[in-house]
Amino acid sequence: MKLATYKDGSRDGQLVVVSRDLAAAHYATGIAAHLQQVLDDWGFLSPQLQDLYDALNAGRARHAFPFDPAQCMAPLPRAYQWADGSAYLNHVELVRAARHAEVPATFYTDPLMYQGGSDDFIGPCDDVVVPSEAFGIDFEAEVAVVTGDVPMGASPEQALDGIRLLMLVNDVSLRNLIPAELAKGFGFFQSKPATAFGPVAVTLDEVGEAWDKGRLHLTMQSTWNGRKVGLCDAGPEMTFHFGQLIAHICKTRNVRAGAIVGSGTVSNKGVQVNGKTEWPKGYSCIAEKRCIETIQDGQPTTEFMKFGDTIRIEMKGRDGQSVFGAIDQKIVAPA
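Calculation notes
Residues numbered from 1 in each chain as written. Predicted model: local features only at pLDDT ≥ 70, side-chain atom pairs only at ≥ 80, totals over all residues. Heavy atoms only, no water. Pairing = 2+ DSSP bridges. Helix = DSSP H or I, 4+ residues; strand = E, 2+ residues; numbered from the N terminus. Expected span 1.5 Å × (residues − 1). Buried < 20%, exposed > 50% of the residue type's maximum accessible area, 1.4 Å probe, protein only. Contact = heavy atoms within 4.5 Å. Phe/Tyr/Trp six-rings, centres within 6.5 Å; stacked < 30°, edge-to-face > 60°. Salt bridge = Lys/Arg side-chain N within 4 Å of Asp/Glu carboxyl O. Polar contact = N/O pair within 3.5 Å; in protein donor to acceptor, adjacent residues only side chain to side chain. Core = buried A, V, L, I, M, F, W, Y, C linked by side-chain atoms within 4.5 Å. Disulfide = S-S within 2.5 Å.

Visitor: Report on the sheet that holds strand β7 (residues 128–129), specifying residues and quantitative values.
Guide: Spatial strand order, β7-β22-β21-β16-β17: five strands in an open sheet with mixed pairing. If you trace the sheet from one side to the other, it starts and ends with β7 and β17 (227–233), each paired once. Two elements, strand β16 (residues 219–224) and β17, share six bridges in a ladder whose sense is antiparallel. Across the sheet, the residue bridging to T223 is K228, located in β17.

Visitor: I'd love a proper account of helix α2 (residues 42–57), names of residues and values included.
Guide: An ideal rise of 1.5 Å per residue puts 22 Å on 16 residues; α2 measures up with 21 Å between its terminal C-alpha atoms. Buried within α2 we find W42, L45, S46, L49, L52, Y53, A55 and L56. If you follow the buried residues of α2, they end up packed against β1 (2–6), β2 (14–18), β3 (24–27), α1 (35–40) and β10 (163–170). Of the residues flanking the end of α2, it is G59, one or two places downstream, whose phi is positive at about 80°.

Visitor: Requested: an account of the packing of aromatic side chains, with residues and values cited.
Guide: On inspection of all chains with the given rule, the structure shows nine aromatic pairs. Among the aromatic residues, those joined into a ring-pair cluster are Y6, Y27, F65 and F67.

Visitor: With reference to specific residues and values, describe the environment of D212.
Guide: Mapped onto the secondary structure, D212 falls in strand β14 (residues 211–212). You can call D212 partly exposed: its relative accessible area is 37%. Between the C-alpha atoms of D212 and S132, which are 80 residues apart in sequence, the distance is 41 Å.

Visitor: Talk me through the pattern of salt bridges; I want residue IDs and the actual numbers.
Guide: Taken as a whole, this structure holds twelve salt bridges when the rule is applied. Where D138 meets R175, a salt bridge forms, and the shortest distance between an N and an O atom there is 2.8 Å. With a gap of 37 residues between them, D138 in strand β8 (residues 137–138) and R175 in the loop between β11 (173–174) and α5 (178–183) connect regions that are remote in the sequence. Between R312 and E314 there is a salt bridge, with the nearest N and O atoms lying 3.3 Å from each other. Taking the relative accessible area as the measure of exposure, R312 reaches 33% and is therefore partly exposed.

Visitor: Quick rundown of the side chain of Q329? Include the residues and the values.
Guide: Here Q329 is to be found in strand β22 (residues 327–332). A polar contact of 3.3 Å, which involves the side chain of Q329, links it to the backbone oxygen of G123. Among the polar contacts listed, one links the side chain of Q329 to the side chain of N170, at a separation of 3.0 Å. Not counting residues up to four positions away in its chain, the partners in contact with Q329 are I122, G123, P124, D126, V128, N170, A196, D309, T310 and I311.

Visitor: Describe in detail the pairing of strand β5 (residues 81–85), supporting the description with residues and values.
Guide: Of all the five residues making up β5, five are buried; the element is thus mostly covered by neighbouring parts of the structure. Residues Q81, A83 and G85 of β5 are buried on one face, and the alternating residues W82 and D84, pointing to the opposite face, are buried as well. Here four bridges tie β5 to strand β18 (residues 259–262), and the two strands are oriented parallel to one another. If you follow Q81 over to β18, its bridge partner there is A259. One ladder, built from four bridges, connects β5 with strand β6 (residues 113–116); its direction is antiparallel. Across the sheet, residue W82 finds its bridge partner in β6, namely G116.

Visitor: Would you mind going over the nonpolar core in detail, with residue names and values included?
Guide: Membership of the largest hydrophobic core comes to 67 residues, with the highest contact counts inside it found for F67, L166, V207, L216, M315 and F324. In terms of residue count, helix α6 (residues 242–249) provides more of this core than any other element does, four residues in total. The contacts of F324, once residues within four sequence positions are left out, are L22, L166, M167, L168, G198, P199, V200, V202, L216 and M315. Formed by 33 residues, the second largest nonpolar core is a distinct cluster that contains M1, V17, A32 and L52.

Visitor: So what's going on with the environment of K269? Which residues, and what values?
Guide: Looking at the element boundaries, K269 is found in the loop between β18 and β19 (271–273). For K269, a relative accessible area of 46% gives the class partly exposed. At 3.1 Å, the side chain of K269 forms a polar contact with the side chain of E93.

Visitor: I'd love a proper account of the state of the cysteines, names of residues and values included.
Guide: All chains considered together, the criterion is met by zero disulfides. Its sulfur unpaired, C72 is 7.3 Å from the next cysteine sulfur, which belongs to C125. Here C291 stays free of any disulfide, with the sulfur of C285 as its closest cysteine sulfur at 7.7 Å.

Visitor: Run through the side chain of S322, naming residues and quoting values.
Guide: Its place among the elements puts S322 in the loop between β21 (310–316) and β22. A distance of 2.8 Å separates the side chain of S322 from the side chain of E314, its partner in a polar contact. Among the polar contacts made by the side chain of S322, one reaches the main-chain amide nitrogen of G325 at a distance of 3.1 Å. Excluding anything up to four places from it in sequence, S322 contacts K2, L22, E314, M315 and K316.

Quick look at the structure:
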C-alpha cells in the first residue's frame, strides 16, 4: 500500500491512503490519524489500511479525492530517529580520490552513518530554505526505510524483517560547512539542514521483485533545473544493504518503530570508454560531480545550487509508473 500525510495545520498532519497510480487518495480517518500510530501498532492497523487501499484501487472508496503531492508533508513529518548511512562506497571512493586520500579498510566492513535532525522534515514540494548560497547548497538523492521495533543485537537478516516502508529522500547538504565541522571530530550538524521526503511511503510489496535482499533495484532519477543529471541504479552497487545498516545501529541499542534509516547518495562506478573513465549514469549529488571533475581535470567546474534552482527526484517502477511520486523543490532564501 501507499501512504502519505496531508497538511492540516498540525505538526503531524493527517494520514491518507493513496492509490497505486497516485491519482486518488482517501483519509484514513477511523483507522489512524497519523503514520506514527500505524507504526506503533502495525499488526492491528496495517491490515485495515490495506483494506482501504484495495477499495481505493478498485474504485469502491466512497470519499476518495484527487491526490495532490503539493499538499503533502513528509510521510512521517517528524520521527524519533533519522540515521543516514553512506552505503554506496563508490561515492566515498570518489570523494577520497579527489583529495588524494585512501579509503580506510574498515569502511568496507563497517557502515558509515550519522545521526540527522528528525524534528523538522520538509514535504516533497516545499521550498528548501537556506540562509546563504555561500554555504554550498547540494541535493542528495537517496532511498530510506522506516522500521518497526528492532531489538539490540539483531542480525542483518533479522533487521530486514523490521522494515515497514520505503521512501524517497532529498538529504539536503551544505557542502562548504562540512570541512570545518568534520575538523572538530564530532560529525555533521549545521551542514545537514532539514531533510525532504517523497510524497508517499510504500510497503515492500509495492515494488515487487525490485526489492531483493535489502536493496531496491530501481533507477534514481535526478533532474536539476530541468536537466536530467542522474539515472543511477540504486540496487547493485549498494555495498551495505538496509539490513546491515539497521543492524549497525542495533549493535548497542534498540531501534524503535518510526526510525528512518537512509542509504546515502545513490552512486555508480565509472566505465572505461576509449581509455577514459566516464560516468554515463550521471550523479545523485553535485559534490560527486565536482569530485569527478577534480579527478579528471584537476579542479571542479560545476557550481553548487543557487537561489531559484530546482531539483526533482523520482523513481519509476518496472512498469514505468512513479513509485513514490516526485520530490520537486526550489532553493530559496529566508523570507
